[in-house]
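Each chain, letter by letter, is given below.
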Amino acid sequence: MKLYEIFIRAKSGLNHRHVGSLHAADPQMALQNARDVYTRREEGVSIWVVEAAAITASNPEQSEAWFDPAADKIYRHPTFYPLDEEVDNM
Amino acid sequence: MKKAIKHYLLRLADSSLTQSQRLAEWCGHGPFLEEDIALTNVALDLLGHAKLFYEQAAEISEQDVSADDLAFLRDVDQFRNPILTELPRGDFAYTTLKQYFFDQFNVLLYAELMNSQYQPLAEIAEKALKESRYHLTRSRDWCLRLSLSTAEAKQKIQSALDDLYFYTPELFETDDQLKQLLADNVMPDMQALKQQWQQQVDQLLQQCQLQAPTSGWLATGGLRGEHSEYLGYMLADMQFLQRAYPGCEW
Amino acid sequence: MYSQGLQDAKGGQEPEGLLKAFQKRIDNEEKIEPRDWMPEAYRKTLIRQMSQHAHSEIVGQLPEGNWITRAPTLKRKMILLAKVQDEAGHGLYIYSATETLGISRDEMTRQLLSGEAKYSSIFNYPTPSWADMGAIGWLVDGAAIMNQVPLCRASYGPYARSMVRICKEESFHQRQGYDIMTVLARGSRAQKKMAQDALNRFWWPALMMFGPSDKDSTHSAQSMQWKIKRFSNDDLRQKFIDATVPQAEHLGLTIPDKDLKWNEERGHYDFGEIDWQEFIQVIKGNGPCNKQRLAARQKAHDEGEWVRKAAEIYQQNQQDTV
């Protein structure tokens, strides 16, 4: 059996979110198992299953090089631009 | 007509309850964890259907009885399920094929019962149909998986087919009371249903490359309260507390 | 449902700098994620604790599973089925979380069936009576919840997340157990006796679920430092007793401990000595049902073998024909 990662949309309008994993022999079985394992309490309206082996992930050892540079780009955020009080709710 | 409706509600309730009881025996013992959980979901759905049918039967009963009284205080000769659903759980192939026959039957039946002139039955059928459709998807998929894989699995499901096949015609059995209900548009024509069912089953068996046996004991009698030896043991187990401590709340 | 105690793993030789940085992340309440660097001992400790926890859920299906076919009403049957099914689900969530540490479920199953891995001792006690379904829900799930709520903040992300889900789902488990006990305690004389008898049998084993006394637990310090564990065994046990005694009184049931007494000064109940010899025996495999529980798991595993195999071969056949 293969390991599948399970993603569930809790309700329409929301993204699919990773909820966990399970074992299945084929994608159809993975979907059915995901329905029975992860939506027993009305947790979802849509399911994605992805074979765990098919996921390419970033390397945590490179996380500083990858993600820290975004920290000083404060001009990307609206709070970087002070406004006069009269128009402050822009 | 009330009497006939109650009779039919018990037929439906007893079928779902006995089928559920057997499936529930897998809980904690399934072939792998995911399947353990999935089988229990089906058992829970069927138990839910049984409860609705029993409640309706209790509601129209002339005596003051509850759904639990009907499930736990009737003896073998008062149960109305076909023998198929009381058969032991067997191995996974046996459970799977039994479930497939039952699911295929229920999906066709409930689709018809949704149009029943007896409104409470139509309502229960609508709910039960949704769940049964999912059950059917699962049991069909498993029939294919077991049939078209290893020699061992194929042999097991073929052997289950040999054992179970002649229990299925009983699903469509009727009696005078049921014929009256057909005339009153409460339930569908079981012969027509049987044809549809047979067509679906033949198709799947062909896909699965399985051979239906040509002869065997043709099961009959559940509707009249004539059952196999298995039902008595099932009831002894299921009804133990209610029988040993009569009149208690639980 | 729950894992018991915690054993330490021996640390290897790891760079001081990495170890320090790791501890700093833990101290800052940062979560550790699967691909992050972690000390080997942390990984091993987690694998041991989490797999024990998962095994406990799976074996924990059995004592209650006993009563599924015999539950006394349709409603009770549904509740019990749903609860035992939840336990399978919880085992699955924790196995999944443990797999992120680099061990397969197959290997964990092998360890369980060979007896190398442990599971909670409580599930080695028999459930001869329906009231045991009440006692297990009330006491065993009650004790489990005490343990599991702090685990929702465990430092390892996948473990903490699975515990959040589990705690949410388990909130009904203890209540349904207490509900069974309530009905029995207010029922016929025979039913009340049944309830008291179940309490008598499950009280002490439930207290043992929190693991050895702090003075005898040598492994706790490191786990506390790693924030895999947040409260000591004795603290949690005391908390459980304090919460449970009034619940028993409310039902008119008697806790089977003649030394149980409210201590005004401490603000806690004093209680009698736990029979740790019994605990050690059960953990060693000499409890009343150890053999039956493992045999049942082994049987399910063996009988499922051809099914798992068939599903895999079918998938391969399908791919070949595409």
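Structure first, text after, so check above.
In this report, the structure presented in the accompanying data block is examined. All figures in this text were calculated on a predicted structure; none of them were measured in a lab.

A few words now on the overall build of chain A. Regarding its fold elements, chain A presents 2 helices and 3 strands. Counting helices and strands in the order they occur from the N terminus, chain A gives β-β-α-β-α. A compact globule built from 90 residues should have a C-alpha radius of gyration of about 12 Å, whereas chain A, at 20 Å, is more than 25% larger. A principal-axis box enclosing the C-alpha atoms of chain A has dimensions of 60 × 35 × 15 Å. Looking at chain A as a whole, 26% of its 90 residues are labelled buried. Carbon together with sulfur atoms contributes 53% to the accessible area of chain A, which is approximately 6300 Å² in total. Positive and negative charge centroids in chain A, built from 9 and 14 side chains respectively, lie 12 Å apart.

Now for the packing of helix 4 (residues 92-113) of chain B against helix 6 (residues 151-164) of chain B. Think of two packed helices as two axes; the pair is described by the angle between the axes and how far apart they sit. Residues and elements named next belong to chain B. Where helix 4 meets helix 6, the axes come as close as 8 Å, and the angle between the chain directions of the two elements is 55 degrees. When the axes of helix 4 and helix 6 are compared, the pair comes out oblique. The hand of the helix 4/helix 6 crossing is right-handed. Along its contact with helix 4, which presents A93, Y94, L97, K98 and F101, the element helix 6 presents K156, I157, A160, L161, D163 and L164. In the contact of helix 4 with helix 6, the residues fall into 8 nonpolar, no polar and 3 charged.

Attention now goes to the pairing of strand 2 (residues 16-24) of chain A. The sheet contact formed by strand 1 (residues 2-9) of chain A and strand 2 of chain A spans 8 bridges and is antiparallel. Within the sheet, the bridge partner assigned to E5 of chain A lies in strand 2 of chain A and is S21 of chain A.

Our focus in this paragraph is the interface of chain C and chain A. The interface of chain C with chain A comprises 18 residues on the first partner and 20 residues on the second. In this assembly, chain C packs against chain A so that about 1600 Å² is buried in total across both faces, 49% of it on carbon and sulfur atoms. When residues of chain C are sorted by the area they lose upon contact with chain A, R35, R165 and Q315 of chain C head the list and together hold 32% of the total. If you look at where chain C meets chain A, you find 5 salt bridges. For E169 of chain C, the salt bridge is made with R40 of chain A, and the minimal N-O distance between the two is 3.2 Å. In this assembly, chain C and chain A are joined by 10 residue pairs in polar contact (both at pLDDT 80 or more). Put simply, the parts of the chain that give the side of chain C that touches chain A at least two residues each are helix 4 (74-99), helix 7 (157-185) and helix 12 (290-321) of chain C. In terms of residue count, the dominant contributor to the side of chain C that touches chain A is helix 4 of chain C (7 residues). Looking at the side of chain C that touches chain A, its residues break down into 5 nonpolar, 4 polar and 9 charged.

Turning our eyes to something else, we now look at the interface of chain B and chain C. Chain B puts 48 residues into the contact, and the matching count from chain C is 44 residues. Both faces considered, chain B and chain C share a buried interface measuring about 3900 Å² in area, 72% of it formed by carbon and sulfur atoms. Three residues stand out in chain B for area buried against chain C, namely L33, L47 and W250 of chain B, and they jointly supply 18% of the buried area on that side. At the surface where chain B touches chain C, the tally comes to 1 salt bridge. Residues R105 of chain C and E34 of chain B are paired through a salt bridge, measuring 2.6 Å at the closest nitrogen-oxygen approach. Here chain B and chain C share 13 residue pairs in polar contact (both at pLDDT 80 or more) between them. Looking at the side of chain B that touches chain C, the elements with two or more residues in it are helix 1 (2-24), helix 2 (33-60), helix 3 (67-72), helix 4, helix 5 (119-147), helix 6, helix 9 (230-238) and helix 10 (240-244) of chain B.

The next point concerns the pattern of salt bridges. A complete count under the given rule lists 36 salt bridges over all chains for this structure. A salt bridge links D86 of chain C to R41 of chain A, with the nearest nitrogen and oxygen atoms 2.5 Å apart. Residue D86 of chain C is located in helix 4, and its partner R41 of chain A is located in the loop between helix 1 (27-38) and strand 3 (46-51); the two belong to separate chains. Look at R41 of chain A and you get partly exposed, because its relative accessible area is 32%. The salt bridge involving R89 of chain B is made with E25 of chain B; its shortest N-O contact spans 3.9 Å. In this pair, R89 of chain B is assigned in the loop between helix 3 and helix 4 and E25 of chain B in the loop between helix 1 and helix 2, connecting sequence segments 64 residues apart.

To continue, consider helix 1 of chain B. Between its first and last C-alpha, helix 1 of chain B extends 32 Å over 23 residues, near the 33 Å set by a 1.5 Å rise per residue. Where burial is concerned, most of helix 1 of chain B is hidden: 21 out of the 23 residues are buried.

Thresholds, definitions, all that
- Residues numbered from 1 in each chain as written.
- Chains lettered and ligands numbered in written order.
- Predicted model: local features only at pLDDT ≥ 70, side-chain atom pairs only at ≥ 80, totals over all residues.
- Heavy atoms only, no water.
- Helix = DSSP H or I, 4+ residues; strand = E, 2+ residues; numbered from the N terminus.
- Rg over C-alpha atoms; globule rule 2.2 N^0.38 Å.
- Buried < 20%, exposed > 50% of the residue type's maximum accessible area, 1.4 Å probe, protein only.
- Areas by Shrake-Rupley, 256 points an atom, 1.4 Å probe, with all protein chains shown as cover.
- Lys, Arg positive; Asp, Glu negative; His and termini not counted.
- Charge placed at Lys NZ, Arg CZ, Asp CG, Glu CD.
- Axes fitted to C-alpha atoms, helices over the stretch in contact; angles between N-to-C directions.
- Parallel < 35°, antiparallel > 145°, perpendicular 65-115°, else oblique.
- Left-handed = near helix turned anticlockwise from the far one by under 90°.
- Contact = heavy atoms within 4.5 Å.
- Nonpolar A, V, L, I, M, F, W, Y, C, P; charged D, E, K, R; others polar.
- Pairing = 2+ DSSP bridges.
- Buried area = accessible area lost by both parts, 1.4 Å probe.
- Salt bridge = Lys/Arg side-chain N within 4 Å of Asp/Glu carboxyl O.
- Polar contact = N/O pair within 3.5 Å; in protein donor to acceptor, adjacent residues only side chain to side chain.
- Expected span 1.5 Å × (residues − 1).

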